[in-house]
Amino acid sequence: MASHDESSVSRKKSSDSVDEISTFNAENMQINAKIISYSRTFMSIIGGVIAGILGFTGLTGFIFYFLVMAIMSVGLAAKAGFSAHPYFDSWNQILLDGFLGGLLSFVLFWTFAYDMVHIF
Amino acid sequence: MAEDLVLDTAIRDWVLIPLSVVMVLIGILRYFVSKLMRSSNQVPDPKMVKEGQVIIRARNLRAAANYIPAKSFRARRVYFSNEENGLLYVPKGQAQNAQAQMFSDPNMAMDMMKKNLSMIIPQTLTFAWVNFFFSGFVAAKIPFPLTQRFRSMLQNGIDLSTVDVSYVSSRSWYFLNLFGLRGLFSLILGEENATDDTQRMMQMSGFGFDPTKSLGAEKDSLDIFQHEWALPKFEQRAEAVLKKLVS
């Protein structure tokens, strides 16, 4: 059972009755998971470029990455109305999915921007 | 020891950017080539298709079981278990059949080889190109410090041992690109990109042994399944939704 959200972002409600059994619409859940992974990749790329331009080195850069991921998770949670249940499988999926792949892209673009700007 | 090296601007222009651009282009090229090569496929075996459809039906039953009353679910389950009972006994004689079929079928082996090669060859070629042209100098600086053990891995063209480990050769820039561009490819190429090795391996290994194991697995999971009726409170729920709509 799926009902569309009123906002323009295609975030689909994918679960059913609240008390007893949660039934999920598989296709909508896939769409939601795709949305998370796209946003996470995009944010890690942008975050990498920002970290490189600002000249973060060492631990500061990684802390910046965690900060960006945390902001993204908070934004996602706010968009989903602070309840993981109707939209996703579990909280873990919102918070931790795509973390490692995003880290690699972040490091790549961080190195790239840092070199461009500071060692040019 | 950690003085800042001043690196030539020409390195930026002629090493980092071209290498990244080439890797992105090769990834895009590989995606299109794999799409082209996939279109000329072999005709699927009707028996395998039939078994696949039975599995899909059983899975649908399991997925939507909570929407139908318990009695009808049980009736359907008996139908499947009995039907697959016959199918479950056959695979003992069919197990050898499927494997023999896989090995004696040259088309499938060729396809797997093609997919493997299309993954490995561009990587090998690019790696060789990088090694040949771009070795022997410092290419980039990683913004975070690493221990001394990484020196041999990251700096293998550079023969000075006093240079900071953050200054790496172009080989490590190649590897960094290889892993980091995966995310970028998933953004620009959509879902179907052939740059993820593990996904591809899982797809290929699950294809050949499909009929034998998954029939038994489906039957078992169908047997274990506990039916819970999800709809008894639905009238109240429908009423709540309608009330919200009306008010």
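Look above for the structure.
Residues numbered from 1 in each chain as written. Chains lettered and ligands numbered in written order. Predicted model: local features only at pLDDT ≥ 70, side-chain atom pairs only at ≥ 80, totals over all residues. Heavy atoms only, no water.

Peer 1: Explain the pattern of salt bridges to me, and be specific about the residues and the numbers.
Peer 2: Residue and element names in this part refer to chain B. Here the structure, examined in full by the defined rule, presents one salt bridge over all chains. Residue Lys-243 is joined to Glu-239 by a salt bridge in which the shortest nitrogen-to-oxygen separation is 3.6 Å. One end of the pair, Lys-243, and the other, Glu-239, are both in helix α10 (residues 234–246), four residues apart, so they sit about a helical turn from each other. Judged by its relative accessible area of 53%, Lys-243 is exposed. (Salt bridge = Lys/Arg side-chain N within 4 Å of Asp/Glu carboxyl O. Helix = DSSP H or I, 4+ residues; strand = E, 2+ residues; numbered from the N terminus. Buried < 20%, exposed > 50% of the residue type's maximum accessible area, 1.4 Å probe, protein only.)

Peer 1: Hey, could you go over a nonpolar patch on the surface for me, with residue numbers and the actual values?
Peer 2: All names here are of chain A. Together, Phe-42, Ile-46, Ile-50 and Leu-54 make up an exposed nonpolar region whose accessible area comes to about 370 Å². Mapped onto the secondary structure, Ile-50 falls in helix α1 (residues 26–54). Since its relative accessible area comes to 38%, Ile-50 is described here as partly exposed. (Patch = residues over 30% accessible without salt bridge, like charges linked within 9 Å, V, L, I, M, F, W, Y side chains within 5 Å. Areas by Shrake-Rupley, 256 points an atom, 1.4 Å probe, with all protein chains shown as cover.)

Peer 1: Report on the nonpolar core, specifying residues and quantitative values.
Peer 2: Counting 33 residues, the largest nonpolar core has Phe106(A), Leu181(B) and Leu184(B) as its most contacted members. Contributing elements (two or more residues each) for this core: α1, α2 (59–79) and α4 (99–118) of chain A together with α1 (9–39) and α7 (170–188) of chain B. With seven residues, the single largest contributor to this core is α1(B). When sequence neighbours within four positions are dropped, the list of residues in contact with Phe106(A) reads Ser44(A), Gly47(A), Gly48(A), Ala51(A), Gly61(A), Phe64(A) and Tyr65(A). Formed by six residues, the second largest nonpolar core is a distinct cluster that contains Ala58(B), Leu61(B), Phe73(B) and Leu222(B). (Core = buried A, V, L, I, M, F, W, Y, C linked by side-chain atoms within 4.5 Å. Contact = heavy atoms within 4.5 Å.)

Peer 1: Give me the lowdown on the packing of α4(A) against α7(B), citing residues and values where you can.
Peer 2: Contact geometry of α4(A) with α7(B) gives a least axis separation of 7 Å together with a crossing angle of 125°. The angle between the axes of α4(A) and α7(B) places the two elements in the oblique class. Here the hand of the crossing between α4(A) and α7(B) comes out left-handed. Residues Leu104(A), Ser105(A), Val107(A), Leu108(A), Phe109(A), Thr111(A) and Phe112(A) of α4(A) pack against Trp173(B), Leu176(B), Asn177(B), Phe179(B), Gly180(B), Leu181(B), Gly183(B) and Leu184(B) of α7(B). The class makeup of the residues in the contact of α4(A) with α7(B) is ten nonpolar, five polar and no charged. (Axes fitted to C-alpha atoms, helices over the stretch in contact; angles between N-to-C directions. Parallel < 35°, antiparallel > 145°, perpendicular 65-115°, else oblique. Left-handed = near helix turned anticlockwise from the far one by under 90°. Nonpolar A, V, L, I, M, F, W, Y, C, P; charged D, E, K, R; others polar.)

Peer 1: Please give an account of the packing of aromatic side chains that cites residues and values.
Peer 2: Residues and elements named next belong to chain A. Summed over all chains, the structure comprises twelve aromatic pairs over all chains. An angle of 35° between the planes, with centres 5.4 Å apart, marks the rings of Phe-106 and Trp-110 as tilted. Here Phe-106 and its partner Trp-110 are both found in helix α4, four residues apart, which amounts to about one turn of the helix. For the residue pair Phe-106 and Trp-110, the accessibility class agrees, reading buried in each case. (Phe/Tyr/Trp six-rings, centres within 6.5 Å; stacked < 30°, edge-to-face > 60°.)

Peer 1: Account for the interface of chain A and chain B, with residues named and values stated.
Peer 2: With 30 residues of chain A at the interface, the matching set in chain B holds 35 residues. Here chain A and chain B share an interface that buries about 2800 Å² over both sides, 69% of which is from carbon and sulfur atoms. Inspection of the region where chain A meets chain B yields two residue pairs in polar contact (both at pLDDT 80 or more). Elements with a contribution of two residues or more to the side of chain A that touches chain B: α1 and α4 of chain A. Among the elements that take part in the side of chain A that touches chain B, α4(A) stands out by supplying eleven residues, more than any other. Among the residues forming the side of chain A that touches chain B, the class breakdown is 18 nonpolar, seven polar and five charged. (Buried area = accessible area lost by both parts, 1.4 Å probe. Polar contact = N/O pair within 3.5 Å; in protein donor to acceptor, adjacent residues only side chain to side chain.)

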